[in-house]
Amino acid sequence: MTNLAYEIKNEDLDSKRKKALAVKKKNEKALKRKLMRDASLALFVIISFAFSYINGRAGVSKLQSEVNHIKTNIATVQKEIDLKEAKLEKIRSSKLVEEQAQTLLGMIYPGENDKIYINSQETQEKVLVKKKTFDTIFGALFR
């Protein structure tokens, strides 16, 4: 081979190498653009999910706060109900005792003319109510 043929062959190889190198660079740039586009899309999706999660957590926190507030209100109202039920039960039980004492035992509240005697002994105190005397009954009838 002559020198001229060798140079032509080298030039052909160089031009083929340059073309292959240019195609390779072009493919690399296209690949980099595609990777950047995919990475940007993935980042956008991740950020969107992050904001959605944060927003959801904020909503859950707000709802949990409302639930706690309502539970506190329920507890307060339940305490009020319990106190009122206890008062009502006390009223009912004292009225029941009064009614049974009057109907079953014939007990009455002392009036103005009645006398109350208290007899104290070592271990007990007895309260005795003296019933209206014969005179006070007749006196009441003929007034």
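Basis of the calculations
Residues numbered from 1 in each chain as written. Predicted model: local features only at pLDDT ≥ 70, side-chain atom pairs only at ≥ 80, totals over all residues. Heavy atoms only, no water. Helix = DSSP H or I, 4+ residues; strand = E, 2+ residues; numbered from the N terminus. Areas by Shrake-Rupley, 256 points an atom, 1.4 Å probe, with all protein chains shown as cover. Patch = residues over 30% accessible without salt bridge, like charges linked within 9 Å, V, L, I, M, F, W, Y side chains within 5 Å. Salt bridge = Lys/Arg side-chain N within 4 Å of Asp/Glu carboxyl O. Lys, Arg positive; Asp, Glu negative; His and termini not counted. Charge placed at Lys NZ, Arg CZ, Asp CG, Glu CD. Buried < 20%, exposed > 50% of the residue type's maximum accessible area, 1.4 Å probe, protein only. pLDDT = per-residue confidence, 0-100. Contact = heavy atoms within 4.5 Å.

What to know about the overall build of the chain
When helices and strands are tallied, the chain shows 2 helices and 2 strands. When the helices and strands of the chain are read in sequence order from the N terminus, they spell out α-β-β-α. Carbon and sulfur atoms make up 62% of the accessible area of the chain, which totals about 14,000 Å².

Looking at a positive patch on the surface
A contiguous patch of positive charge on the surface is contributed by K25, K26, K29, K32 and R33. Looking at where K29 falls in the secondary structure, it is placed in helix 1 (residues 3-103).

Overview of a nonpolar patch on the surface
A surface patch of nonpolar side chains, amounting to about 570 Å² of accessible area, comprises L43, I47, F51, Y53 and I54. With respect to the helices and strands, the residue I54 is situated in helix 1. You can call I54 exposed: its relative accessible area is 53%.

What about the confidence of the model for the chain?
Per-residue confidence for the chain gives a mean pLDDT of 77, with 73% of residues at or over 70. Helix 1 holds the highest mean pLDDT among the elements of the chain, 86, whereas strand 2 (residues 125-129) holds the lowest, 41. This model gives residues 122-143 a pLDDT under 50, and the stretch forms 22 contacts once residues within four places in sequence are excluded.

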